[in-house]
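# Structural description and commentary
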Amino acid sequence: MSKRIIKKVAVLGSGVMGSRIACHFAGAGLQVILLDIVPKDIAADAKSSERNKIVNDALSAAIKSNPSPVYYKDVVKKITTGNFEDNMKDIASCDWIIEVVIERLDIKQKVFEQVDQYRKPGTLITSNTSGIPIHLMAAGRSDDFKKHFCGTHFFNPPRYLRLLEIIPTPYTDPEVINFLMEYGDLFLGKTTVLCKDTPAFIANRVGVFSMMSIMNIKEKLKLSVDEIEALTGPIIGRPKSATFRTGDVVGLDTLVKVAKGVAENCPNDEAKDQFTIPAWLDKMIANNWLGDKTGQGFFKKTKNVNGEKEILTLNLDTLEYGPRVKPKFATLEAAKPIDDLYSRLKMLVAGQDKAGEFYRLFHYGLFSYISHRIPEISDELYRVDDAMMAGFGWEIGAFESWDVLGVAKTTEALKASGYKVAPWIEEMLAIGNKSFYKVENGKKYCYDPASKSYKALPGGEAFIVMSNFTDKEVWKNGSCRLYNLGDDVLGLQWFTKMGSIGGDVLSGISTAIDKAEKNYKGLVIANEGANFSAGANVGMIFMLAIEQDYDELDMAIRMFQNTMMRTRYSSIPVVVAPHGLALGGACELSLHADKCHPAAETYTGLVELGVGLIPGGGGTKEFTLRAYDEMHEDEPETITLKNRFLTIATAKVATSAHEGFQNGVYRKGLDEIVMNQGRRIADAKKSVIEIFDSGYVAPVQRNDIKVLGRSALGALYSGIHGMNTAKYATDHDSVVAKKLAYVMCGGDLSEPTFVSEQYILDLEREAFLSLCGEKKTLERIQSVLKSGRPIRN
């Protein structure tokens, strides 16, 4: 990476994208200037609040939006607002200037004329355009401007969608592109994808083709909106928003604009007819049914006669809204129980009903299309897969899907159905290469059509995928896999629904530590699914509690506690790298690790009170211990205890790793946030080696934890009573909260006392067991199990 340093960024344009891009830069720790136009008819000598009304209102709306564009509330303090007339001169202090104004070439060129006037030489200038040719925007600008100018296309919402497309012009300095590719990855947490300056770049070109293709197949097979949604969502590794809901979120006007842009600007696209807008979609645009932005699109939120919220679906034949209808396809029902996406995909495509026919038509069309886009939109086919996974939320890329279904077999099937593939596919198969990807010695390789050979994916050691180490598997059980990650470091992951932690996983953690202590430097614990873990297996807890098998329940809780303590007090460093959900038991595992490398998008917390329990795997003990360690002589001893108590009692969940620090789950100066979650396992491995090589010594169990006994217990009980009286807490909430307070105060002790970790663990386990016998607790657990959702506050 070059020595270029980014400290301050100017974002020009404060619309939906501009304001949120500004928030993401600020969340990455940068100072940001956010500028926009002055409202009409505002005098030059008017107050700055009046002249900056547009930008201030936009930023305020962004901060209040859901999902939040910021990692934590104070991020907004890093953003300074202004306007193009008064503050364009301020961009001279910025290291990167990104334009995010309206999608009109003439307006963008006017903005860049001003930018060229005020920017300092060497400053990066980029455009967030989603479709205007990048090279046209640089026309007429200075040589230094052109050298440092390119496209940087973020996807909305920029905090959550990981794709950042980098689009150079013929004038762009290669050093600028290399810098942005690496900076976007390391500091912005993005999957940076190098694109050619072609219409819609990569993700929108393939993504909109996919959506338009589905609409055309819908017409051919006479499928409804609800049927398409069921067929094209999580069942095939796509987001819950599937196809038509995605259209509503993006905006149907935007979808149509991109589709028309491809049809008009890609005359040689062999599938350009697929981008023809259906008559019913034209009618929806004319009716201003544009999706969420206008209140209705393919779906419409309303209230029924009972005043309850209801979502209606549009009938595309009659253009009338009606109640949603749950589709029924035999192939879909047969595939639902299959957890493995690869196996599920094979079953779906082989289906003999209308669903199977849909999947074959869809995949044949998609495979044909992407084969012809190489080398038009990208020389490397892995960039297409990266773009679709990071920009559209696909679990596996299009070329990877082709691999899963069998390249040779599927190519013959699609040709038999009238589709064509690009010549390079035939050449690849003819010379004996049967897949687009392959894994050797833990490294993933991708086929390169230009050289007719396989090349290692870039990133190397920085992006460790444990599933690529199957040939280095050390041990496994029904749920877990333990791999040798190289450099004397083991890696553990498990494959359970939502990453739930049950007996198999606890056994896996203990076994992994045992093996690491004998022959390795340490252990990394991480998962590669959508989430790290939604917590302990509450289904097992519910079953044992219903059967009143308290001996088994006691053993299960002891096993959880012992495994967490084994993690803390092993003779080798254990580093956890969570991402996504890391709730309940997964949070407790993080609390007991030697170090954590959470992805920025990690949502963690001790949520057990949400089902009428207290954290029983050492979480209550650890928060009590940390409350004591955080006590200061110049403030009441109960302050830190009260704060820790409230965090558990309200089942507070951090909505980012940054908030995880604020909530006391992660430790300042020790745990480290990883902006790009793809790097977290490699970073964790590096930490294991550093900790071991620095002379790691197993810590000694604590017996110096100060608990406050009755003095603090009375205060907490009083607060609980007040919450109950004010109807902020139910009677059952109060029962659970009092159990929690009892444990965190060390019981009904007459005076502050120093106790051991095991003393608190015993209290924690006793309280947990007693709450398992509460009727209300069992009802809450049953409700969570029925919903299929993780425990939340």
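So, here is what we can say about the structure in this document. (Residues numbered from 1 in each chain as written. Predicted model: local features only at pLDDT ≥ 70, side-chain atom pairs only at ≥ 80, totals over all residues. Heavy atoms only, no water.)

## Remarks on the side chain of D671
Checked against the element boundaries, D671 lands in the loop between α27 (657-662) and α28 (680-693). On the accessibility criterion, D671 (6% relative accessible area) is buried. There is a polar contact of 2.8 Å between the side chain of D671 and the backbone nitrogen of C596. Separated by 2.8 Å, the side chain of D671 and the backbone nitrogen of R667 make a polar contact. Other than its neighbours up to four places away in sequence, D671 contacts K595, C596, F661, V665 and Y666. (Helix = DSSP H or I, 4+ residues; strand = E, 2+ residues; numbered from the N terminus. Buried < 20%, exposed > 50% of the residue type's maximum accessible area, 1.4 Å probe, protein only. Polar contact = N/O pair within 3.5 Å; in protein donor to acceptor, adjacent residues only side chain to side chain. Contact = heavy atoms within 4.5 Å.)

## As for the pairing of strand β15 (residues 473-476)
Both β15 and strand β16 (residues 480-484) contribute to a ladder of three bridges, which runs antiparallel. From the neighbouring strand, E473 faces β16, where its bridge partner is Y483. Between β15 and β16, which follow one another and run antiparallel, lie three residues. (Pairing = 2+ DSSP bridges.)

## Let's talk about the packing of aromatic side chains
By the definition in use, this model includes 29 aromatic pairs. Each ring, one from W424 and one from F436, has its centre 6.0 Å from the other, and the planes form 65 degrees; the classification is edge-to-face. Separated by twelve residues along the polypeptide, W424 in helix α20 (residues 423-430) and F436 in the loop between α20 and β12 (437-440) bring together distant segments of the chain. The pair formed by W424 and F436 is uniform in burial state, with each residue classed as buried. Between the aromatic rings of W424 and Y447, the centroid separation amounts to 6.4 Å while the plane-to-plane angle is 15 degrees, which identifies the pairing as stacked. Of this pair, W424 sits in helix α20 while Y447 sits in strand β13 (residues 443-448), and the two are 23 residues apart along the sequence. For W424, a relative accessible area of 9% translates into the label buried. An aromatic cluster is present here, built from F367, F399, W402, W424, F436, Y447 and Y454 joined pairwise through their rings. The ring of W394 has R238 sitting right over it, with the charged end atom 3.5 Å from the ring centre. (Phe/Tyr/Trp six-rings, centres within 6.5 Å; stacked < 30°, edge-to-face > 60°. Lys NZ or Arg CZ within 6 Å of the ring centre and 35° of its normal.)

## A short note on the pattern of salt bridges
All chains considered together, the criterion is met by 51 salt bridges. Note that D106 and R104 form a salt bridge whose closest N and O atoms lie 2.6 Å from each other. Across the salt bridge formed by E427 and K452, the nearest N and O atoms sit 3.8 Å from each other. In this pair, E427 sits in helix α20 while K452 sits in the loop between β13 and β14 (453-456), placing the two residues 25 residues apart along the sequence. The exposure class assigned to E427 is partly exposed, which follows from its relative accessible area of 38%. The class for K452 is partly exposed, based on a relative accessible area of 42%. (Salt bridge = Lys/Arg side-chain N within 4 Å of Asp/Glu carboxyl O.)

## Concerning unusual backbone geometry
Residue N66 is joined to P67 through a cis peptide bond whose omega torsion reads 5 degrees. Inspection of the secondary structure puts P67 in the loop between α3 (53-64) and β3 (79-83). Going from N156 to P157, the amide bond is cis rather than trans, its omega being -5 degrees. Tracing the sequence through the fold places P157 in the loop between β6 (149-154) and β7 (163-168).

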